[in-house]
Amino acid sequence: MTPTLTAPRPAAPVPRETAVSFLRVLWELRQNPIAAFGARAYSLPQVHLKSRIRDFLLVNEPENIKHVLLDNVDNYIKSDQVQRLTKPALGNGLLNAEGASWRFQRRTAAPMFQMRHVASFAPVMAEAAAEMLARWDALPDGAHIDAADEMMRLTYDIICRTVFSGDVTMDYGRMSRAILVYLETLGRIDMLGLLGLPRWVPTPDRIRAAPALRYFRGEMEGLIERRKALIARDSGSAPNDLLTLLLTAHDPEGGALFSGREVFDNVMTFVFAGHETTANALAWTLYLLSQFPDADIQVAAEVFGVDDAAMMRGELPELPFTRAVLEESMRLYPPAPFVSREAVAADTVGGVAIRPRTSVLVSTWILHRHRLLWERPDEFDPGRFLPGRRESIHRFAYLPFGAGLRICIGMSFAMQEALLLLAAIMRRYRLELEPGHPVQPLARITLRPKNGLKMRLHRR
Ligand code: HEM
């Protein structure tokens, strides 16, 4: 039986009880969107706001979420607000594409994320983890690290190895600084955008983000050109990674290849969507385990028996408790805290008539802590995800990877990676949160610890 794990309360902003002005909400959305919602949002099935610029609907009722993400999916496109955050970097890749372009890209990319390909990446993931642990092993016991940065470095290393077999001139330090600039400019809610300013107007955020974007583009273009030349010279010698798969994938319906632009946008999409999210999932899990010693011991006991050679082959046994901890961590700290859509035509959601262009928001942050859906919603209890209890969770109440046709294409990749890395770390180390370190979740497209995660490493 799993012990019920209660105190302490995992770090989260406390939703305010009183109403505030519209301008204040806009300001808070820009500072930290997860802190902008009042207590009512966590207890009502939905919140509908009408304004002269645009209507807004927050949906918390699982059946209504199913309506938006699955049953009437053609009526809900990616919202203007999300496109403003992600399009400058990711263009019209899978994450942002719509209609026929999205359908073509999704069916052509789907085979790359089938289990046989994902499983073939496991040894690369294990190897990257082993290299990080060798670096940690050289540190004295009790050494100080920033666990959030370490996880970012590790998942970036893995995405570079799995997308382009490590053929990359992009140095981690420069790349991570460029990502931070992007997240702190274009990755923040654009108040002028909310007020209706067209996307082409050069705002201070766009001007500040331009050098970071130029840097990513230059690096990626060079990389793709090198690979194209290699495939043209001798296709058999090209490494079996996601870039080769992108350059050679044929549409199962009609045989078309991705265009040069689509290859570029999807390389950017895989690199961005595929490392920050998993790094944050791991960082939050390490934080929670540092706060709940019973769970820490139970995970360590479960992964202790994993055979070294099997680990290097990426062959993990079933790890039900470790998986449950990871799932509970993504409930409390969903790496993608907002799934946002825009209604094309009028519709009715949960009895509410909505107009075309209404912003429809599913916030995994709010949904996963909703008072009507979860018992003790703000507490850490991995037992919720163990067989016997997990079955009672509504499919559309727990959405770390989204749902419906646009569910995360990298879900199996991410789950394999996160479990493997967590198992590798927990076998060897216990991480202690640096006393007094302020832990604060901050939403910038993904959900990261605002001040990093200062921790101490202890060998088991
Ligand atoms: C813990 C890790 C991850 C989380 C929590 C996550 C979360 C999500 C979510 C919530 C969506 C749906 C967005 C929406 O409906 O608007 C999504 C879509 C997507 N994700 Fe992930 N993701 C993760 C890892 C990855 C990885 C490793 C990759 C690729 C290597 C990836 C690539 C994508 C792509 C391409 C889409 C767009 C799919 C489409 O619209 O057809 N993600 N992800």
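As the structure is a computational prediction, the values presented were derived from the model and not from experiment.

### Thoughts on the pattern of salt bridges
- Applying the stated criterion across every chain yields a total of 31 salt bridges.
- In this structure, Asp 146 and Lys 454 form a salt bridge, with 3.6 Å as the shortest nitrogen-oxygen distance. In this pair, Asp 146 sits in strand 4 (residues 144-146) while Lys 454 sits in strand 12 (residues 454-459), placing the two residues 308 residues apart along the sequence.
- Given the relative accessible area of 21%, Asp 146 is considered partly exposed.
- Judged by its relative accessible area of 38%, Lys 454 falls in the partly exposed class.
- As a salt-bridge pair, Glu 434 and Arg 456 come within 2.8 Å of each other at their nearest N and O atoms. Here Glu 434 is found in the loop between strand 9 (429-433) and strand 10 (441-444), whereas its partner Arg 456 is found in strand 12, with 22 residues between them in sequence.

### A few points about the sheet that holds strand 3 (residues 76-78)
- The five strands lie next to each other as 1-2-8-5-3, forming an open sheet whose pairing is mixed. What marks the edges here is a single partner per strand, and that holds for strand 1 (46-49) and strand 3. This sheet shows a mean twist of 25 degrees between the axes of neighbouring strands, independent of strand direction.
- As paired elements, strand 1 and strand 2 (residues 56-59) share four bridges and run antiparallel to each other. When the sheet's bridge partners are listed, His 48 is paired in strand 2 with Leu 57.

### Re the environment of Ala 39
- Locating Ala 39 in the fold gives a position in the loop between helix 1 (22-31) and strand 1.
- Setting aside residues no more than four positions away along its own chain, Ala 39 makes contact with Pro 15, Arg 16 and Glu 17.

### Some thoughts on the coordination of the iron atom of the ligand
- For the iron atom of the ligand, the protein supplies a single donor, Cys 408 (SG), at a distance of 2.3 Å.
- Within the secondary structure, Cys 408 sits in the loop between helix 16 (364-367) and helix 17 (411-428).

### Concerning the confidence of the model for the protein chain
- Looking at the protein chain, pLDDT values average 89 and 94% of them are 70 or higher.
- Under a pLDDT of 50 for its full length, residues 1-5 has, in the predicted model, 10 contacts with residues more than four places off or in other chains.

### Quick notes on the site of the ligand
- Near the ligand, the surroundings consist of 24 residues, among which Trp 102, Arg 106, Arg 341, Arg 406 and Cys 408 are the closest.
- Within the contact set of the ligand, an oxygen atom lies 3.4 Å away from a backbone nitrogen or oxygen of Leu 94.
- Contributions of two or more residues to the shell around the ligand are made by helix 4 (99-109), helix 12 (260-291), strand 5 (338-343) and helix 17.
- Considering each element in turn, the shell around the ligand owes the most residues, five residues, to helix 12.
- Across the shell around the ligand, the residue classes break down as 14 nonpolar, six polar and four charged.

Calculation criteria
Residues numbered from 1 in each chain as written. Predicted model: local features only at pLDDT ≥ 70, side-chain atom pairs only at ≥ 80, totals over all residues. Heavy atoms only, no water. Salt bridge = Lys/Arg side-chain N within 4 Å of Asp/Glu carboxyl O. Helix = DSSP H or I, 4+ residues; strand = E, 2+ residues; numbered from the N terminus. Buried < 20%, exposed > 50% of the residue type's maximum accessible area, 1.4 Å probe, protein only. Pairing = 2+ DSSP bridges. Axes fitted to C-alpha atoms, helices over the stretch in contact; angles between N-to-C directions. Contact = heavy atoms within 4.5 Å. Donors = N, O, S within 2.8 Å, 3.2 Å for Na, K, Ca; no water. pLDDT = per-residue confidence, 0-100. Near = heavy atom within 4 Å. Polar contact = N/O pair within 3.5 Å; in protein donor to acceptor, adjacent residues only side chain to side chain. Nonpolar A, V, L, I, M, F, W, Y, C, P; charged D, E, K, R; others polar.

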